[in-house]
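# A structural walkthrough
The chain contents come next:
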Amino acid sequence: MANRTRNVPNILITGTPGVGKSTISRLLAEKTKFTWREVSKLAEEHNCLDEYDPEYQCPFLNEDKLLDIMEGMMAKGGNIVDYHGCDFFPERWFDGVFVVRANNTTLYDRLTARGYTGKKLEDNIQCEIFETLLEEAQSSYKPEIVTELQNNTDEQLQTNVDTIVEWIERWKEENL
Ligand code: DAT
């Protein structure tokens, strides 16, 4: 169905921390004219982070404030939104949702290299094992727009970027 509000799509890249969202988003932004929106950075820049949550060792996100700031950015399409959550964005923002996945051992190594330890490390590994983000994406968006991408190796990284580039081209043709 033709989308009347934008003639280039908005895509969401989601998944557990460490699966490779930023790496994919950066390469994708280089290959397309799309804008990479790192939600964690936007939240920081626009003061959308409230007090620190000692249990999860990260600040609380003021979602309403962030959504207000992002609304204008999303209107014309051409955005790659990168975040480790997806259920609080308006469904209408996205034409394609890509859930990036990684194997336990791969993810463990990446998060350890990032300095994650203890509960924070365990919680993130469990999040991936329980497919939390995949379920969140499937329950928040129409299943036909949700795609899972395995991202463990360099080869998979290239394939994933190519898959999304092709998806964008197809979307443009179908929504002329
Ligand atoms: P995220 O943005 O999901 O937190 P990231 O893009 O920062 O993840 O990637 C985490 C680390 O893993 C980083 O050092 C880059 C590396 N990485 C990402 N995708 C990879 C892949 N397909 N093969 C090998 N390393 C990868």
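Small disclaimer: the values here were computed from a predicted structure and weren't measured. Residue positions are counted from 1 within each chain, in the order its sequence is given. Local features are withheld for residues below a pLDDT of 70 in this predicted model, meaning they are given only at 70 or higher, and side-chain atom pairs are given and counted only at 80 or more; totals for whole chains, interfaces and linings count all residues. As a convention, hydrogens and water are excluded, and side-chain values are obtained from all of the structure's heavy atoms.

## Re unusual backbone geometry
Backbone geometry at Asn47 places phi at a positive 55°, although glycine is not the residue there. What counts as a helix is a DSSP run of H or I of at least four residues, what counts as a strand is a run of E of at least two, and both are numbered from the N terminus. Assignment of secondary structure puts Asn47 in the loop between helix H2 (39-45) and strand S3 (49-53). Backbone geometry places Glu131, a non-glycine residue, at a positive phi of 55°. Structurally, Glu131 can be placed in the loop between helix H5 (118-129) and helix H6 (132-140). Overall, Glu131 belongs to the partly exposed group, its relative accessible area being 32%. Note on classification: 1.4 Å probe, protein chains only; a residue is buried when its accessible area is under 20% of the maximum for its type, exposed when over 50%, partly exposed between these limits.

## Description of H5
End to end, H5 covers 17 Å across 12 residues, agreeing with the expected 16 Å (1.5 Å per residue, within 8%). Listing the buried residues of H5 in full gives Leu121, Asn124, Ile125, Cys127 and Glu128. Angularly, the buried residues of H5 cover 155° about the axis, an arc narrow enough to put them on a single face. The elements touched by buried residues of H5 are strand S6 (96-101), helix H4 (104-113) and H6. Two residues or fewer after H5 comes Glu131, characterised by a positive phi angle close to 55°. The span you would expect from a helix comes to 1.5 Å times its residue count less one. The reported arc concerns the directions from the helix axis to the C-beta atoms and nothing else. We call two residues in contact when some of their heavy atoms are within 4.5 Å.

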